[in-house]
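Per-entry structural report
Here is what each chain is made of, one letter per residue.
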Amino acid sequence: RKPTLAVVGATGAVGTVMLSILSERADIWGEIRLLASKRSAGKKLKVRGEDVVVQELTAEAFHGVDVAMFDVPDEISAQWAPIAAAAGAVAVDNSGAFRMDPDVPLIVPEVNPDAARNRPRGIIANPNCTTLTMMDGMGALHAKFTLTELVVASYQAASGAGQAGVDRLYDELAVVGGRRDLGVRAGDVRAALVDKLGDAPSPFPAPLALNVVPWAGSLKDDGWASEELKVRNESRKILGIPDLKVSATCVRVPVITTHSLAVHATFASPVTVAQAHEVLSAAPNVVVIDDPATLQFPTPADSVGADPTFVGRVRQALDFPNTLDLFVCGDNLRKGAALNTAHIAEMIAAELTA
Ligand code: 2RA
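Residues numbered from 1 in each chain as written. Predicted model: local features only at pLDDT ≥ 70, side-chain atom pairs only at ≥ 80, totals over all residues. Heavy atoms only, no water.

Comments concerning the environment of Gly305
Among the structural elements, Gly305 can be located in the loop between α8 (300–303) and β13 (309–316). A relative accessible area of 46% places Gly305 in the partly exposed class. Separated by 30 residues in the primary sequence, Gly305 and Lys335 place their C-alpha atoms 9.5 Å from one another. If sequence neighbours within four positions are ignored, Gly305 has contacts with Asp331 and Arg334. (Helix = DSSP H or I, 4+ residues; strand = E, 2+ residues; numbered from the N terminus. Buried < 20%, exposed > 50% of the residue type's maximum accessible area, 1.4 Å probe, protein only. Contact = heavy atoms within 4.5 Å.)

Following this line, the structure appears as structure tokens:
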């Protein structure tokens with residue numbers, strides 16, 4: 001029998017990408033059951049070319065489910081993933097609710113697949129999209145050269161803040177588009193947005209059009225943003241280096257989809273650019289685009305919609321021994337979320353049907 005999959009949160013930004021990914025990948029699933037809040041129940045969504053009616057999320061809805069994916073806010077996952085697990089499903093959760101739980105493995109299939117077998121709570125967590133953008137590349141470099149320090153600056157897309165983020169950025173771009181009088185005086189973009197969009201809520205704490213915003217997530221101790229701590233804590237857990245030195249600054253940029261990271265990575269011994277290229281080129285789902293002479297490097301606009309992560313601008317740091325600087329782009333809704341979740345779910349399906 002082919003395993004039954006439940007997709008919880010099928011109507012959100014990541015859920016929508018999940019349905020198209022499930023329609024594109026090898027069809028290993030028997031039934032695919034779509035679950036969402038009462039508000040979305042009854043809607044019809046297309047999966048594998050067929051209309052599927054969304055069912056209300058209830059404990060009974062997990063009956064007979066082998067794997068349940070969750071693409072919902074933390075508090076919904078916190079409540080419902082254990083219910084799915086109690087009903088006998090393996091829950092693969094894309095929220096932040098369980099990522100740092102010592103009894104929940106945090107999995108990147110290309111980096112630490114074996115950790116997925118030890119899941120005492122019946123839950124597997126999918127990392128945050130910012131961490132995931134660099135994990136395939138950094139995992140491969142760590143396996144070969146032993147990572148000791150990571151300093152990261154992110155350039156995060158609006159869709160990391162969900163559909164509300166996408167809608168807000170398009171609305172802002174519609175206001176500033178063609179306005180050659182904006183971006184010339186402090187506060188002029190902000191004033192133009194208030195003038196046209198009024199007090200419509202924004203998930204961003206400052207204008208994103210014609211701007212960059214050094215904030216993602218919520219406020220944590222000592223001025224850190226939650227997103228920056230996720231990069232630190234999740235990188236340590238996935239790579240299995242509990243004392244890895246990590247410092248991150250997370251920045252939102254006016255890009256719809258695809259996160260980018262500038263990474264300053266220190267290793268136990270020197271690594272040449274050629275060695276790094278060789279390892280990264282051989283790493284699964286990593287593509288190297290790196291020819292400075294012809295200005296070939298990854299950009300979000302050229303990476304969006306693709307499955308791999310793209311690495312370029314690899315340089316040996318001039319003043320820091322054993323250190324590489326590089327730039328990486330990855331679609332935050334695919335590798336950063338739905339694709340990694342789908343990949344984990346496929347691993348579990350293979351394990352259950354072996
Ligand atoms: C963001 N990483 O980009 C978050 C989404 N999970 O806001």
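Describing the pattern of salt bridges
Under the counting rule described, the total for this entry stands at 14 salt bridges. A salt bridge links Glu110 to Lys335; its shortest N-O distance comes to 2.9 Å. Taken as a pair, Glu110 in the loop between β7 (90–93) and β8 (123–125) and Lys335 in helix α9 (residues 334–353) lie far apart in primary sequence, 225 residues in all. Through salt bridges with shared partners, one network takes in Glu24, Asp307 and Arg334. (Salt bridge = Lys/Arg side-chain N within 4 Å of Asp/Glu carboxyl O.)

Observations regarding the UniProt feature "binding site: substrate" (unreviewed entry) in the protein
In this structure's numbering, the residues bearing the UniProt feature "binding site: substrate" (unreviewed entry) are Gln156 and Arg252. Taken together, the annotated residues stretch across 97 residues yet fold into one region, lying no more than 4.5 Å apart by C-alpha. With respect to the helices, strands and loops of the structure, Gln156 is situated in strand β9 (residues 147–156). Classification of Gln156 by relative accessible area gives buried; the value is 1%. Excluding residues that lie within four positions of it along the chain, Gln156 makes contacts with Thr130, Ala216, Glu227, Cys250, Val251, Arg252, Val253 and His259. (UniProt positions renumbered as here; feature names shortened; annotations may be inferred.)

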